[in-house]
Amino acid sequence: MRLAGKVAIVTGTSPNIGGGLAGGLADEGARVVCVDVDTGNAEQCADWIRRRGGDALAVACDVTDETQVEAMVGRARDAYGGVDVLINNAGVLGGLSVLEMPLERWNRQLAVNLTGTFLCTKHVARLMVERGTRGSIVVVVSTAGHQGQAGNIGYCTSKSGLLNFTRAAAMDLARHRIRVNSLTPTATDPEEGLERAAAWGRPPTARGAGSLDFRTMVPMGRLPSPRHYARSAVFLASDDAEMITGCDFRVDAGAIAKYWPWVPNA
Ligand SMILES: NC(=O)c1ccc[n+]([C@@H]2O[C@H](COP(=O)([O-])OP(=O)(O)OC[C@H]3O[C@@H](n4cnc5c(N)ncnc54)[C@H](O)[C@@H]3O)[C@@H](O)[C@H]2O)c1
């Protein structure tokens, strides 16, 4: 129970990564505020945590809207007295090339991925400062934020922006003893997310066939699952990481460290 007594906000609690992060934090004793623009994702994640014996609150919130973010942080404070941990996970995936990307879609992707993280960090950090909480903030990035991926201009740009957002916010908040670190997932094994969706009562969905066989390309020969990201998030959120700030934790089975022309499992 490494997070006993702590309150954690997790944004973007779909059955995939956000659900896995929220469940992993709850398993370590955190009370979890499940936040999503999709009310079903917020409520079903909170219900699932409560069914497993945890304590959770669902809050519907669009993280790009400052009024809604302030209200969401206020609800967490009123329900639980404060916030110790924020996991900025909400994101818009996928995209198009620089040649094709419509401005409207670019603006929305940057608004959710970058501005949403800024707004949640700003208002949660203000509450932490007000209450003297030595909090931990985690920003979910992507290996696509470390490299140039074709056909994904808005996603790559926003996720790489988050890497330096993390370092700059860590500097702003260091004197308040609030730590800010990022967590880099990569192409994720779909199985656990599908199982969680079934546990939330959702109908089965067909697994999409990607154009790349990620498993053969990743050095460890298997892809991480949300539970692997959750273990790193628990560590970063816990007092075990009390001297770690401004870092990026890659949970990517070696993807970014790989010498680029080597195809390990071909
Ligand atoms: N799936 C992967 O392989 C992968 C790889 C690397 C990084 N990531 C990152 O992990 C995070 C979660 O990814 P996922 O695969 O679980 O995606 P997902 O689409 O299943 O979940 C994203 C969640 O964010 C929510 N969201 C979107 N816009 C929002 C807004 N304006 N306000 C509040 N919530 C909003 C969505 O409703 C959804 O629940 C994202 O930040 C993503 O970039 C995913």
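Above this text you will find the structure in question.
What counts as what
- Residues numbered from 1 in each chain as written.
- Predicted model: local features only at pLDDT ≥ 70, side-chain atom pairs only at ≥ 80, totals over all residues.
- Heavy atoms only, no water.
- Near = heavy atom within 4 Å.
- Polar contact = N/O pair within 3.5 Å; in protein donor to acceptor, adjacent residues only side chain to side chain.
- Areas by Shrake-Rupley, 256 points an atom, 1.4 Å probe, with all protein chains shown as cover.
- Helix = DSSP H or I, 4+ residues; strand = E, 2+ residues; numbered from the N terminus.
- Buried < 20%, exposed > 50% of the residue type's maximum accessible area, 1.4 Å probe, protein only.
- Pairing = 2+ DSSP bridges.
- Right-handed = clockwise from strand over helix to strand, strands pointing away.
- Expected span 1.5 Å × (residues − 1).
- Contact = heavy atoms within 4.5 Å.
- Salt bridge = Lys/Arg side-chain N within 4 Å of Asp/Glu carboxyl O.

Considerations on the site of the ligand
Point 1. As a structural note, the neighbourhood of the ligand is formed by 26 residues, with Ser14, Asp36, Asn89, Tyr155 and Lys159 the closest of them.
Point 2. Within the backbone of threonine 186, a nitrogen or oxygen atom sits 3.4 Å from an oxygen atom of the ligand.
Point 3. Its free accessible area being 820 Å², the ligand has 85% of it covered by the protein chains.
Point 4. Only α4 (103-131) and α5 (153-174) provide two or more residues apiece to the shell around the ligand.

Considering the pairing of strand β6 (residues 179-184)
Point 1. The buried fraction of β6 is high, at six of six residues.
Point 2. Burial along β6 is two-sided: the face carrying Arg179, Asn181 and Leu183 and the face carrying Val180, Ser182 and Thr184 are both buried.
Point 3. Bridge count between strand β5 (residues 136-140) and β6: five bridges; the pairing is parallel. Within β6, the residue paired with valine 138 across the bridge is asparagine 181.
Point 4. In the classification by handedness, the crossover that spans β5, the intervening α5 and the parallel β6 is right-handed.

As for the pairing of strand β4 (residues 85-88)
Point 1. Side chains Val85 and Ile87 project from β4 onto one buried face, and the interleaved Leu86 and Asn88 project onto a second face that is buried too.
Point 2. As defined by bridge partners, strand β1 (residues 7-11) adjoins β4 across three bridges and the pair is classed as parallel. Residue pairing across strands places alanine 8 opposite valine 85, the latter belonging to β4.
Point 3. Note: β4 against β5, four bridges, orientation parallel. Note on β5: the bridge partner recorded for leucine 86 is isoleucine 137.
Point 4. Handedness of the β4-α4-β5 crossover: right-handed.

Considerations on α5
Point 1. With 22 residues, α5 ought to run about 32 Å at 1.5 Å a step, and its terminal C-alpha atoms sit 32 Å apart, in line with that.
Point 2. Within α5, burial applies to Gly154, Tyr155, Cys156, Ser158, Lys159, Leu162, Leu163, Phe165, Thr166, Ala169, Ala170 and Leu173.
Point 3. Contact partners of the buried residues in α5: α4, β5, β6 and β7 (248-250).

Considerations on the pattern of salt bridges
Point 1. Overall, the coordinates contain 11 salt bridges when judged by the stated rule.
Point 2. For arginine 196, the salt bridge identified is with glutamate 192, shortest N-O distance 2.8 Å. With arginine 196 and glutamate 192 both in helix α6 (residues 191-199), this residue pair falls four residues apart, about one helical turn.
Point 3. Residue arginine 196 is classed as buried on the basis of its relative accessible area of 8%.
Point 4. Taken together, the salt bridges that share partners define one network made up of Arg2, Glu28 and Asp240.

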